[in-house]
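So the chains spell out like this:
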Amino acid sequence: MELYFKGDISSIEDGLKLLSKRFNIQLSTDGYPIQVRNQPGPLRVANQSGQGEISFEKPIHFFRALGLWLEHSQKITEFDLTEDPQFNMSGVMLDASRNAVPTVNEVEKLLQRMAVMGLDTLMLYTEDTYEVKEYPYFGYFRGRYTFEELRACDEYAAKLGIEMIPCIQTLGHLREALKWNYAKDFKDTDDILLVDEPKTYEFLESCLRAASEPFQTKRIHIGMDETFQLGLGNYLENHGFENHVDLMNRHLQKVVSITEKLGLKPMIWSDMYFPLFAENSPYKDDNGSIRKEILEGIPDVELVYWNYYRNEQEVYERDFQNHMLLGSTPIFAGGAWTWSGLAPNYGKAIATTEAALAACKKEGIQEIFVTLWGDNGAETPFAAASPILQLFAEHTYQKEVSLERVSERFKFCGDGDFADFMKLKLLDETPGVMKDNMNSSMTSKVLLYQDSLIGLYDENVRGLSLGEHYQQLVPALEKAKQENPAWESLFDLYEQLARVLADKAEIGIKILEAYQNTDYEQMKSILMTLDKIQVNVDLLRKKHRNIWFAAYKPFGWEVIDIRYGGILTRIDSVKYRIQDWLEGRISRLEELEEERLRHDGPWEFADGLVGGNVYHRIVTAGNFSL
């Protein structure tokens, strides 16, 4: 299609050239005319009397409008529609610290997808995955971004009307950064910095400078969440006990003084201030208000309230109101639930997003973003979050949003079928799991990694017929793969995962039953099934590897290789043990003599939860760090 954009195009011309390749359109003065107006007010797209029209306020609005115009022009000849943005900022935070570090090319692909959806901000979450030249071990062999890589991402984003904001940590979540000896003099605990230590602030000034200089923005996210052990390590030994809120405020003041020196505008996660809001909080006065001296101790920073756990709108409304007691309107961070293991938890992502964004609109929240965390290895490809990005985007431009509307837009913006993507949640939302998987069962992860002979989760899955569940899922995902050519490799990965679990989900239960019944013929049949599982796991590894190396830097894949290798070598040893029993070299299998208990810990196992844990707690009752 040839198009001729005329009018106010100076602010969007470079981005238009980038997206023209995505949409397969040619820019030509001989093309179909589209009048472009850069003006305040809602975004508008129309096609009437042989001419198109696009009106936009911000460049990002133009790129969303362009997608809307192209989508509607494929369906009807004439149309006229407007959208009224609900938020001043709506974006994405991409985790580049939990094993997977997206390549510059992958970030550019995400930026294009965001531009078409109308999302205007991207944060790269980098705990130690950016280069700090004064500290060569910072991010060593972790896939850290160079200055030039970050600058390239920022310049690309700017062409599409997207602001990139650096997102780092300046107190906790620094385990990988602090594990080297250079940090021994300025760490409190294994993952928290030592408050009041001068070397801490020398280190942080270098980090803040390195993290911010590649970007045009003056905004920066400086983290500071989940520092539950603050002051309880070396600080406690050196200075004695001090209340964590006081420590937090004093440290934050010192960090903010550095950001002021560098001309930066910081934001932090707000969770460490939640004790201020409790009804019986010692930080409140007799009138129930937060004490003045506490409020005065909190520096001038923007607070980011994160919550991706609750599906009750009133919870978010209450928390927004509590944040406003601190004197400003918070930023909201929701979640795409890409961090439950190998598959996305779309049920929970949608339920929590719907409740949270309704509350945002009601309470006047103006800035929102969706987090794409990669906890415990980043096993779920981040691209799988695309349907949830579309959900955030539609809420950004509409007061009321239906999933039918999201599905329609995702077909254009994401080149995928929304309903087919929703089938991926069935890898974890299995029999035995509650609706929308609100308790975050990691069913597919625990069944893939758990040992076939020890079977720590066998009692959790007994009677659920999960093998049959996954067997039925295989053809559904195969069909989805065929009908979503742009996402063939993603659906191919999950089809293969379902194929593995169709055999592996209950193999431990079958082994135990054959052993207890002294059923040698059944055990011989199981050996053949174990051979099949080995072949299919290795094929799964290779499909996963293809996706990883197409999207991420190579660093981190060694962790996933070790996990897959563990499955394969353990199956080999399981066959060895069974063969010894079958051939009479041993009279008993001690692994099968132990009484089977439900897996219970270290986190509470709630109703509607088959299994959930981190890798090292799934594969053994022992300890990797002995």
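Shown above is the structure to which this text applies.
Model, not experiment: these values are computed from the prediction.

1. Considerations on the overall build of the protein chain
Scanning the protein chain from N- to C-terminus turns up 23 helices and 16 strands. Long-range contacts, defined as pairs at least 24 residues apart, comprise 75% of the intrachain contacts of the protein chain with a sequence gap of at least 6. When the accessible area of the protein chain is evaluated, it comes to approximately 25600 Å², of which 47% is carbon and sulfur surface. Once the 67 positive and 97 negative side-chain charges of the protein chain are each reduced to a mean point, those two points are 3 Å apart.

2. Describing the packing of aromatic side chains
Throughout the structure, instances matching the rule amount to 46 aromatic pairs. Seen from their ring centres, F382 and Y552 are 5.9 Å apart, and the 75° between their planes marks the pair as edge-to-face. On the criterion of sequence distance, the pair formed by F382 in the loop between strand 16 (367–372) and helix 12 (386–397) and Y552 in the loop between helix 20 (520–551) and helix 21 (557–582) is long-range, its members being 170 residues apart. On the basis of relative accessible area, F382 is assigned to the buried category, the value being 8%. Judged by its relative accessible area of 6%, Y552 falls in the buried class. One aromatic cluster is present, formed by Y130, Y135, F138, Y182, F186 and F203 through successive ring pairs.

3. Quick notes on the packing of helix 3 (residues 104–117) against helix 12
As a packed pair, helix 3 and helix 12 sit with axes 9 Å apart at the nearest point and diverge in direction by 35°. By crossing handedness, the relation of helix 3 to helix 12 is classed as right-handed. Note on element contacts: helix 12 touches helix 3 through S386, L389, Q390, A393 and Y397, opposite L110, R113 and M117. A class-by-class count of the residues in the contact of helix 3 with helix 12 yields 5 nonpolar, 2 polar and 1 charged.

4. Examining the nonpolar core
Residues F5, F62, L122, L276, F332 and L448 are the most contacted members of the largest nonpolar core, which totals 216 residues. With near-sequence residues (within four places) excluded, L448 lies in contact with L342, L497, V500, L501, K504, L540, Y564 and I567.

5. Re helix 3
Its 14 residues place the ends of helix 3 20 Å apart at the C-alpha level, agreeing with the 20 Å of an ideal helix rising 1.5 Å per residue. Among the 14 residues of helix 3, 12 are classified as buried, and the element is accordingly described as predominantly covered. Taken residue by residue, helix 3 has V104, E106, V107, E108, L110, L111, Q112, R113, M114, A115, V116 and M117 as its buried positions. Immediately beyond the C-terminal end of helix 3, within one or two residues, lies G118, with a positive phi of roughly 100°.

6. Points about the packing of helix 18 (residues 488–504) against helix 20
At a closest axis distance of 9 Å, the pairing of helix 18 and helix 20 adopts a crossing angle of 160°. Considered as vectors, helix 18 and helix 20 are oriented roughly antiparallel to each other. As helix 18 packs across helix 20, the resulting crossing turns out to be left-handed. On the side of helix 18, the interface is formed by S489, L490, D492, L493, Q496, L497, R499, V500, D503 and K504, while helix 20 contributes T529, K532, I533, N536, V537, L539, L540, K543, H544 and I547.

7. Topic: the pattern of salt bridges
Under the counting rule described, the total for this entry stands at 54 salt bridges. Among the salt bridges present, the one from D492 reaches K481, with a minimum N-O distance of 3.1 Å. In this pair, D492 is assigned in helix 18 and K481 in helix 17 (residues 466–483), connecting sequence segments 11 residues apart. The residues D492 and K481 share a single accessibility class, namely buried. What you see here is one network of salt bridges that share partners, running through R64, E71, K75, E83, E394, R405, E408 and R409.

8. Considerations on helix 4 (residues 147–159)
Here helix 4 spans 19 Å end to end across 13 residues, near enough to the 18 Å set by a 1.5 Å rise per residue. What helix 4 keeps buried is the set L150, C153, D154, Y156 and A157. The arc enclosing the buried residues of helix 4, seen along the axis, measures out at 165°, which places them on a common side. Looking at the buried positions of helix 4, the neighbouring elements they touch are helix 1 (13–23), helix 3, strand 8 (121–125) and strand 9 (163–167). G161 sits one or two residues past helix 4 and shows a positive phi near 75°.

9. Here we look at unusual backbone geometry
Geometrically, the link from G601 to P602 is a cis peptide bond, its omega value of 0° lying close to zero. With respect to the helices and strands, P602 occurs in the loop between helix 22 (590–593) and helix 23 (615–619). Phi angles above zero are rare outside glycine, and D415 is one such case at about 55°. Tracing the backbone through its elements, the reader meets D415 in the loop between helix 13 (403–413) and helix 14 (418–422). Taking relative accessible area as the criterion, D415 reaches 44% and is therefore assigned partly exposed.

10. What to know about the sheet that holds strand 2 (residues 26–27)
In spatial order, the strands read 2-1-3-5-4-6; together these 6 strands make up an open sheet with mixed pairing. Sheet topology places strand 2 and strand 6 (79–83) at the edges, where each strand pairs with a single neighbour. Sheet analysis places strand 4 (residues 43–48) next to strand 6, joined by 5 bridges and oriented antiparallel. Along strand 6, the bridge assignment pairs R44 with T82.

11. Overview of a negative patch on the surface
On the surface, a cluster of negative charge is contributed by E590, E593, E594 and E595. Note that E593 resides in helix 22. Residue E593 is classed as partly exposed on the basis of its relative accessible area of 41%.

12. Some words on the environment of L124
Turning to its location among the elements, L124 is positioned in strand 8. For L124, a relative accessible area of 3% puts it in the buried group. Along the chain, L124 and P214 lie 90 residues apart, while their C-alpha atoms are 12 Å from each other. Here L124 is in contact with L94, V107, Y145, L150, M164, I165 and C167, once residues within four sequence places are set aside.

Calculation criteria
Residues numbered from 1 in each chain as written. Predicted model: local features only at pLDDT ≥ 70, side-chain atom pairs only at ≥ 80, totals over all residues. Heavy atoms only, no water. Helix = DSSP H or I, 4+ residues; strand = E, 2+ residues; numbered from the N terminus. Contact = heavy atoms within 4.5 Å. Areas by Shrake-Rupley, 256 points an atom, 1.4 Å probe, with all protein chains shown as cover. Lys, Arg positive; Asp, Glu negative; His and termini not counted. Charge placed at Lys NZ, Arg CZ, Asp CG, Glu CD. Phe/Tyr/Trp six-rings, centres within 6.5 Å; stacked < 30°, edge-to-face > 60°. Buried < 20%, exposed > 50% of the residue type's maximum accessible area, 1.4 Å probe, protein only. Axes fitted to C-alpha atoms, helices over the stretch in contact; angles between N-to-C directions. Left-handed = near helix turned anticlockwise from the far one by under 90°. Nonpolar A, V, L, I, M, F, W, Y, C, P; charged D, E, K, R; others polar. Core = buried A, V, L, I, M, F, W, Y, C linked by side-chain atoms within 4.5 Å. Expected span 1.5 Å × (residues − 1). Parallel < 35°, antiparallel > 145°, perpendicular 65-115°, else oblique. Salt bridge = Lys/Arg side-chain N within 4 Å of Asp/Glu carboxyl O. Arc of directions from axis to C-beta. Pairing = 2+ DSSP bridges. Patch = residues over 30% accessible without salt bridge, like charges linked within 9 Å, V, L, I, M, F, W, Y side chains within 5 Å.

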